[in-house]
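Below, each chain spelled out in residue letters.
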Amino acid sequence: MNLDQVATRLRGRLAGRSAAHFPLARLTTYRLGGDAELYVEPATVSDLQVLGEVLRDSGVDASGVPVTVLGRGSNLVVSDDGVEGVVIRLGPRLAWTRETGSRGARAGAATPLPQLANHALRRGLSGAEFLVAIPGSVGGGVRMNAGAHGADVASILTAALIFDLSTLSVKERLAGQLGFGYRCSELSASEVVVEASFDLKVAADSSIRERMEAYRRHRAKTQPGAAQNAGSVFKNPPGDSAGRLVEACGLQGFRVGGASVSELHANFFMAAEGASSQDVYDLVHAVAERVRAGAGVELETEIRFVGRFRPSTRASAPEHA
Ligand SMILES: Cc1cc2nc3c(=O)[nH]c(=O)nc-3n(C[C@H](O)[C@H](O)[C@H](O)COP(=O)(O)OP(=O)(O)OC[C@H]3O[C@@H](n4cnc5c(N)ncnc54)[C@H](O)[C@@H]3O)c2cc1C
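Let us look at the structure shown here. (Residues numbered from 1 in each chain as written. Predicted model: local features only at pLDDT ≥ 70, side-chain atom pairs only at ≥ 80, totals over all residues. Heavy atoms only, no water.)

### Topic: the overall build of the chain
Okay, step 1: Counting its secondary structure elements, the chain contains seven helices and 19 strands.
Okay, step 2: Whereas a compact globule of 321 residues would reach a radius of gyration of roughly 20 Å, the chain reaches 20 Å, a difference of no more than 12%.
Okay, step 3: The principal-axis extent of the C-alpha atoms belonging to the chain is close to 55 × 55 × 30 Å.
Okay, step 4: The burial tally for the chain puts 52% of its 321 residues in the buried class.
Okay, step 5: Once local pairs closer than 6 in sequence are excluded, the contacts in the chain between residues at least 24 apart make up 68%.
Okay, step 6: Put simply, the chain has 35 plus and 34 minus side-chain charges, and the middle of one group is 5 Å from the middle of the other. (Helix = DSSP H or I, 4+ residues; strand = E, 2+ residues; numbered from the N terminus. Rg over C-alpha atoms; globule rule 2.2 N^0.38 Å. Buried < 20%, exposed > 50% of the residue type's maximum accessible area, 1.4 Å probe, protein only. Contact = heavy atoms within 4.5 Å. Lys, Arg positive; Asp, Glu negative; His and termini not counted. Charge placed at Lys NZ, Arg CZ, Asp CG, Glu CD.)

Here is the structure:
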């Protein structure tokens, strides 16, 4: 049973949509990469259940078939060769926010993080301001423990509703059970965040708005915006900043193929028109190698590479833009 046949069996059974060989580039901020072997856009938790059942009934072992969950694609690079297996991207019906009690908010996992920040602002609730300029989704924010300006998702999340494609079960898990660390959680590849609940604090509208505006202004001045990049490439090593290290090694403006280190922020790598995902991959490895050699620091990537990439052969010969 191949996934084309699974795609045929899904037809007419989902409230959302599905397609074989679906282009992913426009679903990522880098706008790079090939097709998903099978793309599924669930509109509801029931759609995830149907997908799991169809995979199982088609003889595809759901724990064996690669599953990739895509949020707003703002933290990843999709391979030029595309992605094997099933790519799940929650559909627009799972983008919503609602009040829970006087200080709580619940959001569908497809909700853009800035929308959650604005929901909190409208209700005079503080704590979500840092999300205003992070171009990801609630689901991606939970998985990555997205953070900025001294706060992160783990600091405001109370619980998340998670569908596990390998067991076909849906469970509410408390924030403390998600294994959060710096820009990571312990969610497994088959676990899809569907909804999340947050606990915020009552505050004056003006102070919330001021903080959000200050964060936006800071971003506009120090970062290149969300086009053709995926935010910070490397995690900050303890007590230091990845951008400072890249800059100190003289790598701002370094280029491999169509990918280059941003002149505005050395931890943002840009993809020019015509760049490939492999260019970004090779640039990341070239920079990591030079920082290792120049500063003796092993940088760890924050962005994720999805699908197959060739081992980097251009690492030792980056060029200046
Ligand atoms: C200009 C710019 C600025 C940024 N600034 C910041 C910042 O300040 N702080 C920060 O932390 N990040 C930042 N990022 C990175 C990114 O926005 C965050 O990591 C965000 O949380 C990713 O969300 P996403 O929906 O785009 O996830 P994706 O990039 O689509 O996916 C990221 C990871 O989350 C998983 N995932 C996505 N949705 C789900 C789901 N529903 N269930 C389970 N897993 C899921 C994916 O499988 C993948 O492993 C920035 C990116 C850009 C382009």
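### Structural notes on the nonpolar core
Okay, step 1: Among the nonpolar cores identified, the biggest contains 59 residues, and Leu-10, Leu-55, Val-86, Ile-88, Leu-131, Val-142 and Phe-198 are the most heavily contacted of them.
Okay, step 2: For Leu-55, the contacting residues outside a window of four places in its chain are Leu-3, Val-6, Val-60, Val-65, Val-86 and Leu-165.
Okay, step 3: Of all hydrophobic cores here, the second largest spans 29 residues; its members include Ala-242, Leu-245, Val-261 and Val-287. (Core = buried A, V, L, I, M, F, W, Y, C linked by side-chain atoms within 4.5 Å.)

### Focus on the site of the ligand
Okay, step 1: Close to the ligand lie 33 residues; Val-69, Ser-74, Ser-137, Gly-147 and Arg-219 are nearest.
Okay, step 2: Between Gly-73 and the ligand, the recorded distance is 2.9 Å, taken from a backbone N or O atom to an oxygen atom.
Okay, step 3: Within the backbone of Gly-147, an N or O atom sits 2.6 Å from a nitrogen atom of the ligand.
Okay, step 4: Protein burial of the ligand: of its 960 Å² of free accessible surface, 95% is covered by the chains.
Okay, step 5: Among the secondary structure elements, those contributing two or more residues to the shell around the ligand are strand S3 (67–70), helix H4 (138–144), strand S9 (147–148) and strand S13 (191–199).
Okay, step 6: Looking at which element gives the most residues to the shell around the ligand, the answer is H4, with five residues.
Okay, step 7: Class assignment for the residues of the shell around the ligand results in 14 nonpolar, 13 polar and six charged. (Near = heavy atom within 4 Å. Polar contact = N/O pair within 3.5 Å; in protein donor to acceptor, adjacent residues only side chain to side chain. Areas by Shrake-Rupley, 256 points an atom, 1.4 Å probe, with all protein chains shown as cover. Nonpolar A, V, L, I, M, F, W, Y, C, P; charged D, E, K, R; others polar.)

### Some words on the sheet that holds S13
Okay, step 1: The five strands are arranged S6-S7-S13-S11-S12 in an open sheet whose pairing can be described as antiparallel. Each having just a single partner strand, strand S6 (97–100) and strand S12 (169–174) make up the two edges of the open sheet. Across this sheet, the average inter-strand angle for adjacent strands is 20 degrees, counted without regard to direction.
Okay, step 2: Pairing geometry for strand S7 (residues 104–108) and S13, over five bridges, is antiparallel. Bridge pairing links Ala-105 to Phe-198 in S13.
Okay, step 3: Along the sheet face, helix H3 (residues 113–122) touches S6, S7 and S13 and points at about 40 degrees away from the line of S6. (Pairing = 2+ DSSP bridges. Axes fitted to C-alpha atoms, helices over the stretch in contact; angles between N-to-C directions.)

These results come straight from atomic positions and should not be treated as a statement about function.
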